[in-house]
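Below, each chain spelled out in residue letters.
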Amino acid sequence: MGEIRIGRVSAVDYANGMVSVVYTDRDASVTKSLPYLSFNGEYKMPAVGEYVLVAHLSNGSDAGIVLGPYWNKGNVPATSGQGVYHKELGATPGEAYIEYSGGELTFKDSGGTLSLSEIRAGLGGGE
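Small disclaimer: the values here were computed from a predicted structure and weren't measured.

Moving on, we get to the environment of tyrosine 43. Tracing the chain through its elements places tyrosine 43 in the loop between strand 4 (34-35) and strand 5 (51-56). A C-alpha to C-alpha distance of 27 Å links tyrosine 43 and threonine 24, two positions 19 residues apart in sequence. Of the polar contacts made by the side chain of tyrosine 43, one reaches the backbone oxygen of tyrosine 14; its length is 3.0 Å.

Pasting the structure below:
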């Protein structure tokens, strides 16, 4: 049976969607490049140093897939709560995102923040 481990990203191969992970509890051993889970075709690679969950297959630590980061003290959600959807889009948290909360859809990028209701109001449309 395989195992699920926690490690830190040591290198990212952006072009091929692969990640190497270091396990500090195993004398800082580093995996070879492993595929990063695509989440139905979504592309957002983890940062070097970020903690990730790795599923290793039963044929050893050379085969596996990096499942992705998880919430922890060093990786806290920007927004949380029932009915909230928040998707970070930029390389730096808060740089760019899409958020739905309290019936409002909001977009943020380097130009600022804009809600869907503001867009409708600007077009002369109502709810």
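Next, the rest of the story.
A positive phi angle, close to 60 degrees, is found at alanine 28, a residue other than glycine. If you trace the backbone, alanine 28 turns up in the loop between strand 2 (18-23) and strand 3 (29-30). Non-glycine residue phenylalanine 39 carries a positive phi angle of around 50 degrees. By the secondary structure assignment, phenylalanine 39 is in the loop between strand 4 and strand 5. Judged by relative accessible area, phenylalanine 39 falls into the partly exposed class, the value being 43%.

Right, let's get into the nonpolar core. Ranked by size, the top nonpolar core spans 11 residues in total: Val9, Val12, Val19, Val21, Tyr23, Leu34, Tyr36, Met45, Val52, Val54 and Val66. Where this core is concerned, the elements lending two or more residues are strand 1 (3-13), strand 2 and strand 5. Tallying contributions element by element places strand 2 first for this core, with three residues. Ignoring any residue separated from it by four or fewer positions in sequence, one finds valine 19 in contact with Val9, Ala11, Thr31, Lys32, Ser33, Leu34, Tyr36, Met45, Pro46 and Val66.

Conventions and cut-offs
- Residues numbered from 1 in each chain as written.
- Predicted model: local features only at pLDDT ≥ 70, side-chain atom pairs only at ≥ 80, totals over all residues.
- Heavy atoms only, no water.
- Helix = DSSP H or I, 4+ residues; strand = E, 2+ residues; numbered from the N terminus.
- Polar contact = N/O pair within 3.5 Å; in protein donor to acceptor, adjacent residues only side chain to side chain.
- Buried < 20%, exposed > 50% of the residue type's maximum accessible area, 1.4 Å probe, protein only.
- Core = buried A, V, L, I, M, F, W, Y, C linked by side-chain atoms within 4.5 Å.
- Contact = heavy atoms within 4.5 Å.

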